[in-house]
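Architecture and fold: a report
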Amino acid sequence: MWTSPEQEKFRHRVREFAESEIAPFAAWMDRRQEFRMELVGKLNEFGLLGMQVDKAYGGTFTDTLTYIIAVEEISRVCGSTGILVAAHNSLGTYPIYRFGTEEQKRKYLPDITSGGKLAAFGLSEPDAGSDAGGTRTFAAKSGDGYIVNGTKCWITNGSICKTLIFTARTSKERGVKGISSFIIDHNTTGFSVGKKENKLGVRGSDTRFLHFEDMYVPQSDRLGDEGQGFKQFMITLDGGRVSIGAMALGIAQGAYDIASKYAVKRKQFNKPISEFQGVAFKLADMATQLQAARHLVYHAAVLKDQPGIRFTKEAAMAKLYASEIASNITYTAIGILGAEGYTEKYPVERMYRDAKICEIGEGTSEIQRLVISRILIEETNEALKQTGNF
Ligand code: CAA
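Residues numbered from 1 in each chain as written. Predicted model: local features only at pLDDT ≥ 70, side-chain atom pairs only at ≥ 80, totals over all residues. Heavy atoms only, no water.

A word on the packing of aromatic side chains
Selection rule: Ring pairs shown here join Phe, Tyr and Trp side chains whose ring centres sit within 6.5 Å, with only the six-membered ring taken for Trp; geometry is labelled stacked below 30 degrees between planes, edge-to-face above 60, and tilted in between. By the criteria applied, helices consist of DSSP H or I runs no shorter than four residues and strands consist of E runs no shorter than two, each listed in order from the N terminus. The cut-offs for exposure are 20% and 50% of the maximum accessible area for each residue type, with area from a 1.4 Å probe on protein chains only; residues under the lower value are buried, those over the upper are exposed, and the others partly exposed. Charge-over-ring placement is defined geometrically: NZ (Lys) or CZ (Arg) within 6 Å of the ring centre, and within 35 degrees of the ring normal.
Inspection of the entire model under this criterion finds twelve aromatic pairs. On the basis of an interplanar angle of 85° and a centroid distance of 5.7 Å, the ring pair of Tyr 262 and Tyr 346 is categorised as edge-to-face. Of this pair, Tyr 262 sits in helix H6 (residues 229–265) while Tyr 346 sits in the loop between helix H8 (312–337) and helix H9 (348–355), and the two are 84 residues apart along the sequence. For Tyr 262, a relative accessible area of 10% gives the class buried. What links up through ring pairs into an aromatic cluster is the set Tyr 146, Phe 166, Phe 182, Phe 191 and Phe 212. The ring of Phe 138 is capped by Lys 172, whose NZ or CZ atom sits 5.2 Å from the centre of that ring. Its end group placed over the ring of Phe 276, Lys 271 keeps NZ or CZ at 4.6 Å from the ring centre.

Things to note about the site of the ligand
What counts is decided by this rule: If even one non-hydrogen atom of a residue comes within 4 Å of a molecule or strand, that residue is called near it. For this analysis, a polar contact is any N or O atom pair within 3.5 Å, provided that within protein one partner can donate a hydrogen and the other can accept it, and provided that sequence-adjacent residues contribute only side-chain to side-chain pairs. Exposure was quantified through the Shrake-Rupley algorithm and a 1.4 Å probe, taking into account, for residues, occlusion by the shown protein chains and nothing else. The residue classification treats Ala, Val, Leu, Ile, Met, Phe, Trp, Tyr, Cys and Pro as nonpolar and Asp, Glu, Lys and Arg as charged. All others, Gly included, are polar. Source of the domain bounds: an automatic or database domain assignment.
Taken together, 27 residues form the shell around the ligand, and within it Ser 130, Lys 177, Arg 241, Gly 363 and Arg 374 come nearest. Measuring from a nitrogen atom of the ligand, one finds a side-chain N or O atom of Asp 238 at 3.0 Å. Here the ligand loses 76% of its free accessible area of 1100 Å² to cover by the protein chains. Looking at the shell around the ligand, the elements with two or more residues in it are strand S3 (145–156), H6 and helix H10 (365–387). Counting residues per element, the shell around the ligand draws most heavily on H6, which supplies seven residues. Looking at the shell around the ligand residue by residue, the class counts come to 14 nonpolar, six polar and seven charged. Counting only domains with at least three residues in the shell around the ligand, you end up with domain 2 (120–228) and domain 3 (230–379).

Comments concerning H8
What counts is decided by this rule: A helix is expected to span 1.5 Å multiplied by its residue count minus one.
Helix length check: H8 (26 residues) gives 37 Å between terminal C-alpha atoms against 38 Å at 1.5 Å per residue, within 8%. By the criterion of burial, H8 is predominantly enclosed, with 20 of the 26 residues buried.

Description of the domain arrangement of the protein chain
What counts, and what does not: Two residues qualify as a contact provided that any one of their heavy atoms is within 4.5 Å of a heavy atom in the partner residue. Joining two parts hides part of their accessible area as seen by a 1.4 Å probe, and the buried area is that hidden amount summed over both. Each reported salt bridge corresponds to a side-chain nitrogen of Lys or Arg within 4 Å of a carboxyl oxygen of Asp or Glu.
When cut into domains, the protein chain gives domain 1 (5–118), domain 2 (120–228) and domain 3 (230–379). Each of domain 1 and domain 3 was reduced to a C-alpha centroid, and the two centroids are 20 Å apart. Taken together, the 28 residues of domain 1 in the interface contact 30 residues of domain 3. Summed over both partners, the interface of domain 1 with domain 3 buries about 2300 Å², with 61% contributed by carbon and sulfur atoms. Counting every contact that joins domain 1 to domain 3 gives four salt bridges.

Side note on the packing of H6 against H9
Packed helix pairs are specified by the crossing angle of their axes together with the interaxial distance, meaning the distance between the axes. Worth spelling out the cut-off: Think of each axis as a best-fit line through the C-alpha atoms, taken over the contacting stretch in the case of a helix, with angles from 0 to 180 degrees between the N-to-C directions. Here the word oblique covers every angle except those under 35 degrees (roughly parallel), over 145 (roughly antiparallel) and from 65 to 115 (roughly perpendicular). Definitions for this section: a left-handed crossing has its near helix turned counterclockwise from the far helix by less than a right angle. A right-handed crossing has that turn clockwise.
At their nearest, the axes of H6 and H9 sit 10 Å apart, and the two run at 160° to each other. Judged by the inter-axis angle, H6 sits roughly antiparallel to H9. At the point where H6 passes H9, the crossing takes the left-handed sense. Note on element contacts: H9 touches H6 through Val 348, Met 351, Asp 354 and Ala 355, opposite Met 247, Ile 251, Gly 254, Ala 255 and Ile 258. Each residue belonging to the contact of H6 with H9 can be placed in one class, and the counts come to seven nonpolar, one polar and one charged.

Remarks on the pairing of S3
Counted only if it meets this: Between any two strands, at least two bridges found by DSSP are needed for them to pair.
Of the strand pairs in this sheet, strand S2 (residues 138–142) and S3 are connected by five bridges, and their pairing is antiparallel. Across the sheet, residue Ala 140 finds its bridge partner in S3, namely Ile 147. The antiparallel pairing of S2 with S3 creates a hairpin that spans two residues between the two strands, and Gly 143 there sits at a positive phi of about 55°.

Some points on the pattern of salt bridges
For the structure on display, the rule yields 27 salt bridges. A salt bridge links Glu 102 to Arg 106, with the nearest nitrogen and oxygen atoms 2.9 Å apart. Of this pair, Glu 102 and Arg 106 both sit in helix H5 (residues 102–113), four residues apart, which is roughly one turn of the helix. Under the relative-accessibility criterion, Glu 102 is labelled partly exposed at 39%.

Structure (structure tokens):
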């Protein structure tokens, strides 16, 4: 219903690519807690690193739904590669394209859209997680630029990125309006990569602390005006949340595909376990949840491309629902595979661990409910104003 024949052809190509080039390394990356860097070159060759950027800056400028299909198909076989692609495109690259000056786009985009290099997004800090406005990193004005001090954490692609965009406070007084955003290259003096996280899932994904110590950033590398950083990052997260919804959808689809085939082949009591209602109804619920999540994620993706439409609520709904059903579906898939599902023989145990981050990263499920409910209340107040009463 949402996708065109061309988008389905693209899905088929990405699925083949993901199954042949990424899937064979997914368990290796999970065990080693290391991203296989040669895959970055392959993702780049396939055109998956500049999907939200105009061709003039090296991108492929696909519509959001096509991009979302790519994240979904990659995540179907490997959550770590899915989050790398999602964080690179939606968070690290898109804001430079959307808010950057012509000079910034020419300087930073080609390397990360078609040059095989990665980008990262630095918002979270030890004391500013869900409260993103609590940013403490400070950029003090100095001559033609800023001296930046502070620490970021939970940064996807942190040590393997060439380009980083991050937020820092440029004013102590102005609340979220005192936050600005900046772009740096990984070899900027004063920038260093810190501790790598030892995680439950997406263990192949590089998640890092980042440190800024008396780091000079010229004013020409500030993204937009002073004070615009918080809003830019919130707008960016709207798109990022659709991509995390797609990642969750892909992981859940991967687990369902394995569980349904297993249930049809596995015999107990002289018949396939899929013929027991206890298993068949589980498969029915999983497929229904997948379908509902796909509608929410694709709808939000289509809305993102409509000029002048704010899709904050739909993005939050898509991420909230897709990530929660991904946790349920991967958990249920383990149950269907029984003891086999509890081992490394099948990837469902990895998918179960990978799915959980989708309920946390780019805003927890509680934050999505906060975002959705605030907008619902605004909409209800607006409706009351229009009609005057119930
Ligand atoms: N689009 C446009 N503007 C937005 C916006 C959006 N989606 N969300 C907020 N704003 C604007 C508001 O309109 C407001 O502007 P005005 O004052 O001009 O009206 C301003 O921003 C402040 O908004 P709020 O009052 O809503 O701000 P808040 O402090 O209450 O915070 C929040 C809102 C939703 C809780 C926000 O802090 C939030 O999303 N928190 C979660 C952060 C998050 O997702 N972090 C994960 C980062 S991912 C990461 O770091 C790891 C990685 O690599 C993947």
